[in-house]
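Architecture and fold: a report
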Amino acid sequence: MSGSDIRPGFASRPGAAERWVKTPEAVRPPSADLFTARLTIDVTPELRHRLKLAALQRGQTVADMLRALFEREFPNSQGDAP
(Lines give C-alpha, C1' and ligand atoms only; values in the text may rest on other atoms or scores of the structure.)
Protein backbone atom coordinates (compact mmCIF):
# COMPACT_ATOMS: atom_id res chain seq x y z
CA MET A 1 0.00 0.00 0.00
CA SER A 2 1.49 3.33 -1.01
CA GLY A 3 1.23 6.64 0.86
CA SER A 4 -1.20 8.00 -1.73
CA ASP A 5 -3.84 5.43 -0.74
CA ILE A 6 -4.44 7.01 2.69
CA ARG A 7 -7.87 8.60 3.12
CA PRO A 8 -7.34 11.81 5.13
CA GLY A 9 -10.84 11.96 6.68
CA PHE A 10 -11.08 8.35 7.78
CA ALA A 11 -10.44 7.84 11.52
CA SER A 12 -8.51 11.07 11.78
CA ARG A 13 -8.51 13.06 14.99
CA PRO A 14 -10.21 16.45 15.04
CA GLY A 15 -7.94 19.47 15.06
CA ALA A 16 -9.29 21.29 18.13
CA ALA A 17 -10.89 19.01 20.71
CA GLU A 18 -12.26 21.95 22.73
CA ARG A 19 -14.31 23.02 19.73
CA TRP A 20 -16.20 19.75 19.38
CA VAL A 21 -16.28 18.56 23.00
CA LYS A 22 -17.81 21.66 24.57
CA THR A 23 -21.39 22.57 23.76
CA PRO A 24 -21.73 26.18 22.65
CA GLU A 25 -23.30 28.41 25.30
CA ALA A 26 -26.10 29.38 22.91
CA VAL A 27 -27.22 25.74 22.66
CA ARG A 28 -27.00 24.82 26.34
CA PRO A 29 -30.07 25.53 28.45
CA PRO A 30 -29.44 28.49 30.78
CA SER A 31 -30.11 26.37 33.85
CA ALA A 32 -27.82 23.49 32.81
CA ASP A 33 -25.25 24.42 35.45
CA LEU A 34 -27.87 24.08 38.19
CA PHE A 35 -28.21 20.32 37.71
CA THR A 36 -25.40 18.86 39.77
CA ALA A 37 -26.96 15.66 41.13
CA ARG A 38 -27.61 12.52 39.13
CA LEU A 39 -30.68 10.41 39.85
CA THR A 40 -30.87 6.80 38.69
CA ILE A 41 -34.13 4.87 38.63
CA ASP A 42 -35.03 1.43 37.35
CA VAL A 43 -37.91 1.24 34.89
CA THR A 44 -39.23 -1.54 32.72
CA PRO A 45 -38.11 -1.61 29.09
CA GLU A 46 -41.72 -0.87 28.08
CA LEU A 47 -41.90 2.25 30.29
CA ARG A 48 -38.50 3.40 28.99
CA HIS A 49 -39.85 3.04 25.45
CA ARG A 50 -42.95 5.11 26.33
CA LEU A 51 -40.82 7.81 27.95
CA LYS A 52 -38.50 8.05 24.96
CA LEU A 53 -41.42 8.13 22.53
CA ALA A 54 -43.22 10.86 24.50
CA ALA A 55 -40.05 12.95 24.66
CA LEU A 56 -39.47 12.54 20.92
CA GLN A 57 -43.04 13.57 20.13
CA ARG A 58 -42.67 16.66 22.35
CA GLY A 59 -39.30 17.59 20.89
CA GLN A 60 -37.59 17.25 24.27
CA THR A 61 -35.08 14.99 25.89
CA VAL A 62 -36.27 12.47 28.47
CA ALA A 63 -34.17 14.28 31.09
CA ASP A 64 -35.78 17.66 30.35
CA MET A 65 -39.24 16.11 30.36
CA LEU A 66 -38.63 14.42 33.73
CA ARG A 67 -37.12 17.59 35.24
CA ALA A 68 -40.30 19.49 34.31
CA LEU A 69 -42.42 16.69 35.80
CA PHE A 70 -40.44 16.77 39.05
CA GLU A 71 -40.73 20.57 39.23
CA ARG A 72 -44.52 20.35 38.82
CA GLU A 73 -44.93 17.53 41.33
CA PHE A 74 -42.41 18.79 43.87
CA PRO A 75 -42.41 22.60 43.77
CA ASN A 76 -39.81 24.47 45.77
CA SER A 77 -41.73 25.68 48.81
CA GLN A 78 -39.89 27.11 51.78
CA GLY A 79 -42.33 25.65 54.33
CA ASP A 80 -41.62 22.04 53.41
CA ALA A 81 -37.90 22.13 54.23
CA PRO A 82 -37.00 19.96 57.27
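Residues numbered from 1 in each chain as written. Predicted model: local features only at pLDDT ≥ 70, side-chain atom pairs only at ≥ 80, totals over all residues. Heavy atoms only, no water.

1. Observations regarding the overall build of the protein chain
Scanning the protein chain for helices and strands turns up 3 helices and 0 strands. Counting the 82 residues in the protein chain, one finds 4% classified as buried. By element, 57% of the accessible surface of the protein chain is carried by carbon and sulfur atoms, the whole surface being about 8,100 Å². (Helix = DSSP H or I, 4+ residues; strand = E, 2+ residues; numbered from the N terminus. Buried < 20%, exposed > 50% of the residue type's maximum accessible area, 1.4 Å probe, protein only. Areas by Shrake-Rupley, 256 points an atom, 1.4 Å probe, with all protein chains shown as cover.)

2. Remarks on the pattern of salt bridges
Under the definition given, this model contains 2 salt bridges. One salt bridge connects R50 with E46, and the closest N-O pair in it is separated by 2.3 Å. With R50 and E46 both in helix α2 (residues 45–58), this residue pair falls 4 residues apart, about one helical turn. The salt bridge partner of R67 is D64, with a shortest N-O separation of 2.7 Å. Of this pair, R67 and D64 both sit in helix α3 (residues 62–73), 3 residues apart, roughly one helical turn. (Salt bridge = Lys/Arg side-chain N within 4 Å of Asp/Glu carboxyl O.)

3. Considering a nonpolar patch on the surface
On the surface, a nonpolar cluster with roughly 590 Å² of combined accessible area is contributed by L39, I41, V43, L69, F70 and F74. Assessed through its relative accessible area of 62%, L39 is described here as exposed. (Patch = residues over 30% accessible without salt bridge, like charges linked within 9 Å, V, L, I, M, F, W, Y side chains within 5 Å.)

4. Considering the confidence of the model for the protein chain
Scored by pLDDT, the protein chain has a mean of 76; 51% of the residues are at 70 or more. Mean pLDDT across the elements of the protein chain ranges from a minimum in helix α1 (residues 17–21), with 62, to a maximum in α2, with 96. (pLDDT = per-residue confidence, 0-100.)

5. Here's the deal with the environment of L51
In this structure, L51 sits in helix α2. With 14 residues separating them in the primary sequence, L51 and M65 have C-alpha atoms 8.8 Å apart. With sequence-adjacent residues up to four places away left out, L51 is seen in contact with V62, M65 and L66. (Contact = heavy atoms within 4.5 Å.)

6. Focus: the environment of T61
If you trace the backbone, T61 turns up in the loop between α2 and α3. T61 sits in the partly exposed class, given a relative accessible area of 42%. Within the local environment of T61, its side chain forms a polar contact with the backbone nitrogen of D64, the two atoms lying 3.0 Å apart. (Polar contact = N/O pair within 3.5 Å; in protein donor to acceptor, adjacent residues only side chain to side chain.)

7. Overview of the packing of α2 against α3
Here α2 crosses α3 at 95°, and the two axes come no closer than 9 Å. One finds that α2 runs roughly perpendicular with respect to α3. Contact with α2, carried on its side by L51, K52, A54, A55 and R58, involves V62, M65 and L66 of α3 and no other residues of that element. Considering only residue class, the contact of α2 with α3 consists of 6 nonpolar, no polar and 2 charged. (Axes fitted to C-alpha atoms, helices over the stretch in contact; angles between N-to-C directions. Parallel < 35°, antiparallel > 145°, perpendicular 65-115°, else oblique. Nonpolar A, V, L, I, M, F, W, Y, C, P; charged D, E, K, R; others polar.)

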